[in-house]
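Chains, contacts and geometry: an overview
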Amino acid sequence: MTTISVRLAALLLPLLMASGAMAVDTARLDDQTQLPKAPKKVSGTKYFQPPAEGEIPNNAFGELVRRGQDLFMNTKALAPQYVGNEMNCVNCHIDRGRKANSAPLWAAYPMYPAYRKKNNKVNTFVERMQGCFQFSMNGKPPAADSEVLTALTAYAYWMSTNAPIGKALPGRGFDEPPPPKGGYDIGRGKVVYEKQCAICHGDNGEGKKVGVTSVFPPLWGKDSYNWGAGMHRINTAAGFIQHNMPLGRGETLSDQDAWDVAAFINAHERPQDPRLVNGSIEETRKRYHADDGVNLYGVTVNGTLLGQGVK
């Protein structure tokens, strides 16, 4: 049975000691964006289809789009000065940013500018990408007018060709499954991980490499996303996992299994939240994590306080 002791009781989720599971407070599922929720796909219809790669024009704009696609696929190799771990854009946005329910580019680009509670401002699409570099890639945000962000923006713009502006499309985001009635359980999640995930992501979440290139990303530890990334939220990770994992066999895990394994993954240490307040995990949780979905930053799991960070 997983033993979870909770600090900051007024701020954290209730604990179900008898079952080893943690209940989910649905009021805390806000993903801090205030973007309208993506509607469900109507039965018999298809998700929005971005243009095929072969339709990229053979001109200067097309060259920039191809550069953006290359950066999207090989971010670590092509923009190492901005990436502090072993992640690439495509790790969270499957199939070159095309796959529905994997935060596809065609559904994201038309929704910006948009207000985000995470930084309490109206963000442009470029600023949204800068956040990905800072948090998901644990790196340094490129300048807004940098060649890297210009190319990535061109790629996202081209992918959203003919998509409606400002209208949430089915398949946007990760379409999070509902919280399990009995809560999630880290111990059960460990079993799911060993059976379904370790073959690609490693027994210790270290990922898999071919030479110096990561072919499957690390899920925790120094080379994974940091505590400020959206994927550290258990509800967000559960949505991504349920629709996209195991790779090529998405939507085969139950909602319960997705929540459990997401909790197991995010019960491991990772790089510190770069917004760390006064060197204090407690203050950082109060300011940034207490109402940021379901997460374990600042929670003690199996005797270890999470949020200390690793380098």
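Refer to the structure printed above.
The sections below set out a description of the structure shown in this document. Here the structure is a predicted model, which means the values were calculated and not measured.

Each helix and strand in the protein chain was counted, giving eleven helices and nine strands. Computed over its C-alpha atoms, the radius of gyration of the protein chain comes to 19 Å, within 12% of the 19 Å expected for a compact globule of 311 residues. Considering only C-alpha atoms, the protein chain reaches an extent of 65 × 45 × 40 Å along its principal axes. When contacts within the protein chain are restricted to residue pairs at least 6 apart in sequence, those whose partners lie at least 24 apart make up 68%. Considering the protein chain, the positive charge centre built from 35 side chains and the negative charge centre built from 29 side chains are found 1 Å apart.

Further remarks concern helix α1 (residues 60-73). In this model, α1 (14 residues) spans 20 Å end to end at C-alpha, consistent with the 20 Å of a helix rising 1.5 Å per residue. On its buried face, α1 is in contact with α2 (75-78), α3 (94-97), α4 (105-108) and α6 (147-159). Structurally, the start of α1 carries an N-cap: the backbone nitrogen of Phe61 is 3.1 Å from a side-chain oxygen of Asn59.

What follows concerns the nonpolar core. Grouped together as the largest cluster of nonpolar side chains are 71 residues, with contacts concentrated most on Tyr184, Tyr193, Ile241, Ile265 and Leu296. Where this core is concerned, the elements lending two or more residues are α1, α5 (125-136), α6, α7 (186-196), α9 (234-244) and α10 (255-265). Considering every element that reaches this core, the biggest residue donor is α6, with nine residues. Residue contacts for Ile241: discarding those within four places in its chain leaves Leu253, Ala258, Val261, Ala262 and Ile265. Counting residues in each nonpolar core, the second largest holds six residues, with Phe48, Ala100, Trp106 and Leu169 among its members.

Its volume calculated, the second largest pocket comes out at about 550 Å³. Lining the second largest pocket are 28 residues, and of these Asn91, His201, Pro217, Phe240 and Met245 sit closest to its centre.

This brings us to the pattern of salt bridges. Applying the stated rule across the entire model yields twelve salt bridges. For the salt bridge of Arg96 with Glu53, the shortest nitrogen-to-oxygen distance reads 2.8 Å. Separated by 43 residues along the polypeptide, Arg96 in helix α3 and Glu53 in the loop between β3 (21-22) and α1 bring together distant segments of the chain. By relative accessible area, Arg96 is classed as partly exposed at 23%. One connected set of salt bridges, linked through shared partners, spans Glu53, Asp95 and Arg96.

Bringing α5 into the picture now. Here α5 contains twelve residues, and its C-alpha end-to-end distance of 16 Å stays within 8% of the 16 Å for a straight helix at 1.5 Å per residue. Buried residues belonging to α5 abut α2, α4, β5 (121-123) and α6. A positive backbone phi angle near 50 degrees is found at Asn138, which sits one or two residues after α5.

Below, the discussion takes up the pairing of strand β7 (residues 213-216). The sheet contact formed by strand β6 (residues 208-210) and β7 spans three bridges and is antiparallel. When the bridges of β7 are listed, Lys209 appears paired with Ser214. The turn joining β6 and β7, which pair antiparallel and follow one another in sequence, is formed by two residues; a positive phi near 65 degrees is taken by Gly211.

Another aspect to go through is unusual backbone geometry. With glycine set apart, most residues show a phi of negative sign, and most peptide bonds adopt trans. Each neighbour pair has its own omega, and for Tyr112 with Pro113 the value is 10 degrees, a cis peptide bond. Structurally, Pro113 can be placed in the loop between α4 and β4 (114-116). Here the bond from Met245 into Pro246 is cis, since omega is -10 degrees, no more than 30 degrees from zero. In this fold, Pro246 is placed in the loop between α9 and α10. The phi torsion at Asp95 lies on the positive side, around 60 degrees, for a residue other than glycine. Checked against the element boundaries, Asp95 lands in helix α3. Judged by its relative accessible area of 38%, Asp95 is partly exposed. Phi is positive for Arg96, close to 65 degrees, though the residue is something other than glycine.

Conventions we followed
- Residues numbered from 1 in each chain as written.
- Predicted model: local features only at pLDDT ≥ 70, side-chain atom pairs only at ≥ 80, totals over all residues.
- Heavy atoms only, no water.
- Helix = DSSP H or I, 4+ residues; strand = E, 2+ residues; numbered from the N terminus.
- Rg over C-alpha atoms; globule rule 2.2 N^0.38 Å.
- Contact = heavy atoms within 4.5 Å.
- Lys, Arg positive; Asp, Glu negative; His and termini not counted.
- Charge placed at Lys NZ, Arg CZ, Asp CG, Glu CD.
- Expected span 1.5 Å × (residues − 1).
- Polar contact = N/O pair within 3.5 Å; in protein donor to acceptor, adjacent residues only side chain to side chain.
- Core = buried A, V, L, I, M, F, W, Y, C linked by side-chain atoms within 4.5 Å.
- Buried < 20%, exposed > 50% of the residue type's maximum accessible area, 1.4 Å probe, protein only.
- 1 Å grid on protein atoms, 1.4 Å probe; cavity = no way out; pocket = protein on both sides within 12 Å on 5 of 7 lines; lining within 4 Å.
- Points joined across faces, edges and corners; volume = space filled by probe spheres on them.
- Salt bridge = Lys/Arg side-chain N within 4 Å of Asp/Glu carboxyl O.
- Pairing = 2+ DSSP bridges.

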